[in-house]
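Listed below, chain by chain, are the residues.
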Amino acid sequence: MGTKGKQAYIEQLTDENKIISALAIDQRGALKKMIAKHQATPATDGQIENFKKIVSEELTPYASAILLDPEYGLPAAQARAESAGLLLAYEKTGYDASTPGRLPDLLADWSVKRLKEQGADACKFLLYYDVDEATEINQRKQAFIERIGSECEAEELPFFLELVSYDAENADSASSAYAKVKPHKVIEMMKEFSRERYHVDVLKVEVPVNMNYVEGYATDEVVYTQAEAAAYFKEQTEATSLPFIFLSAGVSAELFQETLRFAKAAGSTFNGVLCGRATWANGVEPFIVEGEVAARKWLNQTGRENIEALNTVLKETATPVSL
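About the criteria used
Residues numbered from 1 in each chain as written. Predicted model: local features only at pLDDT ≥ 70, side-chain atom pairs only at ≥ 80, totals over all residues. Heavy atoms only, no water. Helix = DSSP H or I, 4+ residues; strand = E, 2+ residues; numbered from the N terminus. Expected span 1.5 Å × (residues − 1). Buried < 20%, exposed > 50% of the residue type's maximum accessible area, 1.4 Å probe, protein only. Disulfide = S-S within 2.5 Å. Core = buried A, V, L, I, M, F, W, Y, C linked by side-chain atoms within 4.5 Å. Axes fitted to C-alpha atoms, helices over the stretch in contact; angles between N-to-C directions. Parallel < 35°, antiparallel > 145°, perpendicular 65-115°, else oblique. Contact = heavy atoms within 4.5 Å. Nonpolar A, V, L, I, M, F, W, Y, C, P; charged D, E, K, R; others polar. Phe/Tyr/Trp six-rings, centres within 6.5 Å; stacked < 30°, edge-to-face > 60°. Salt bridge = Lys/Arg side-chain N within 4 Å of Asp/Glu carboxyl O. Pairing = 2+ DSSP bridges. Polar contact = N/O pair within 3.5 Å; in protein donor to acceptor, adjacent residues only side chain to side chain. Right-handed = clockwise from strand over helix to strand, strands pointing away.

Bringing helix H3 (residues 45-59) into the picture now. In this model, H3 (15 residues) spans 21 Å end to end at C-alpha, consistent with the 21 Å of a helix rising 1.5 Å per residue. For H3, every residue scored as buried is listed here: Gln-47, Ile-48, Phe-51, Lys-52, Ile-54, Val-55, Ser-56, Glu-58 and Leu-59.

See the structure below:
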């Protein structure tokens, strides 16, 4: 963990047990699609901003922090509970599919200094990374992360790096073929970006297996026995000396909670979660179809239940961040 200044910010992002139980709603492209599914027209900027604001108002009293984007999320950042810390995303949403390598890009009119001026307690950056892709692509990405790390060091702002694995040769990350290579992809990229040169403070990562292919959880094909899956969780923990938190990757709230229990039993020392769609996704439909009052009602009931159930699981499973 970096400087004293960074440590003070990290404390803003953890709960009373020193666990990160953060809510992620920095989705932009994905949220536009979710909204458009329930209406005949594309999502408007106002709808996106308003939904984020409602989620922030209703759910941040139960989260240690909220992750938002500066494009649509600043009203939501202002509306968060006083007890909740703030992470702001620094990356442009999505990637250019016409160019190989899923290359990262920054929001053009933002800097770490500017994120800090908006009240951020941390800068979050999402990187798609395939450890087996061409060296020239991965070196570009490594240099890119070094630059952001240096910026965060200069501002003494914590750097949360979100790593999402993929296989350049096999686009379907839900396939059993990808499930077989996922542990290698996830664990090796964690090793790379745990190196001191990147100045990362917290890694936000996937679990190292696809739980839908684990014996006992699988819906059809089994790729890993429970013992094999457990060994990968242990190996993941041993791959980094940095605090690391899990992303929910859009799975159901129930499966995510089960996954955390499995991780703990396997010896994982993860330090919390940044959980997005698993908490609030089903609130989009009432928001669009019935309006704000219905959305607030859903968030206050089901959304709150999702987050409180997750917090209960985290108390039993997550390891406190040691600063």
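Here the narrative resumes, following the displayed structure.
Attention shifts here to the state of the cysteines. Taken as a whole and assessed by the stated rule, the structure comprises 0 disulfides. Not part of a disulfide, Cys-152 finds its nearest cysteine sulfur in Cys-123, a span of 4.1 Å. On the basis of relative accessibility, which here comes to 0%, the residue Cys-152 falls in the buried class.

Here the focus is the nonpolar core. Membership of the largest hydrophobic core comes to 82 residues, with the highest contact counts inside it found for Leu-161, Leu-203, Phe-246 and Trp-280. It is helix H12 (residues 292-317) that contributes the most residues to this core, 7 residues altogether. By size, the runner-up hydrophobic cluster in this structure holds 15 residues, among which are Ile-20, Ala-22, Phe-160 and Val-202.

Our next topic: the packing of helix H2 (residues 29-36) against H3. Close contact between H2 and H3 brings their axes to 11 Å; oriented N to C, the two are set at 100 degrees. As judged from the angle between their axes, H2 and H3 are roughly perpendicular. Where H2 approaches H3, its residues Leu-31, Lys-32 and Ile-35 are matched on the opposing element by Gln-47, Ile-48, Phe-51 and Lys-52. Split by residue class, the contact of H2 with H3 holds 4 nonpolar, 1 polar and 2 charged.

This next bit is on the packing of aromatic side chains. The geometry of two aromatic rings is summed up by the distance between their centres and the angle between their planes. If you walk through the whole model with that rule in mind, you get 12 aromatic pairs. Plain terms: the ring middles of Tyr-224 and Tyr-232 are 6.2 Å apart, the flat faces sit at 75 degrees to each other, and that makes the pair edge-to-face. Since its relative accessible area comes to 2%, Tyr-224 is described here as buried. Given a relative accessible area of 27%, Tyr-232 falls into the partly exposed group. Put simply, the rings of Tyr-217, Phe-233, Phe-244, Phe-246, Phe-262 and Phe-270 touch in pairs and so form one group of aromatic residues.

In this section: the pattern of salt bridges. Under the definition given, this model contains 25 salt bridges. Between Lys-185 and Asp-132 there is a salt bridge whose closest N-O contact spans 2.8 Å. Taken as a pair, Lys-185 in helix H7 (residues 176-193) and Asp-132 in the loop between strand S4 (122-129) and helix H6 (135-155) lie far apart in primary sequence, 53 residues in all. Relative accessible area serves as the criterion here: at 46%, Asp-132 is assigned to the partly exposed category. The shortest N-O distance in the salt bridge between Glu-258 and Arg-261 comes to 3.3 Å. Of this pair, Glu-258 and Arg-261 both sit in helix H9 (residues 253-265), separated by 3 residues, roughly a single helical turn. Judged by its relative accessible area of 34%, Glu-258 falls in the partly exposed class. A single salt-bridge network, built from bridges that share partners, covers Asp-26, Arg-28, Glu-71, Glu-91, Lys-124, Glu-162 and Lys-204.

Time to look at the pairing of S4. By the criterion of burial, S4 is predominantly enclosed, with 8 of the 8 residues buried. Judged by which residues are buried, S4 turns out to be covered on both faces: Ala-122, Lys-124, Leu-126 and Tyr-128 on one side and Cys-123, Phe-125, Leu-127 and Tyr-129 on the other are all buried. Inspection of the sheet shows S4 paired to strand S5 (residues 159-165) by 7 bridges, in the parallel sense. Following the sheet pairing, Leu-127 is matched in S5 by Leu-163.

Attention now moves to the side chain of Glu-91. Its location among the elements puts Glu-91 in the loop between strand S3 (85-89) and helix H5 (112-117). A distance of 2.8 Å separates the side chain of Glu-91 from the side chain of Lys-124, its partner in a polar contact. Sequence-distant contacts of Glu-91, defined by excluding residues within four places in its chain, comprise Asp-26, Arg-28, Asp-105, Leu-106, Leu-107, Lys-124, Phe-125 and Leu-126.

Once that is clear, we can look at the environment of Arg-195. In this fold, Arg-195 is placed in the loop between H7 and strand S6 (202-205). For Arg-195, a relative accessible area of 40% gives the class partly exposed. Engagement of the side chain of Arg-195 in a polar contact is seen with the side chain of Glu-192, the distance being 2.7 Å.

Covered by surrounding structure in S6 are Val-202 and Lys-204 together with Leu-203 and Val-205, the residues of both alternating faces. Summarising the sheet, S5 and S6 pair through 4 bridges and their orientation is parallel. By the bridge assignment for S6, Leu-161 is matched with Leu-203. Crossover handedness for the path S5 to H7 to S6: right-handed. Where S6 lies against strand S7 (residues 244-247), 3 bridges are found, and the strand directions are parallel. By the bridge assignment, Lys-204 is partnered in S7 with Ile-245. Running through helix H8 (residues 226-238), the crossover from S6 to the neighbouring parallel element S7 is right-handed.

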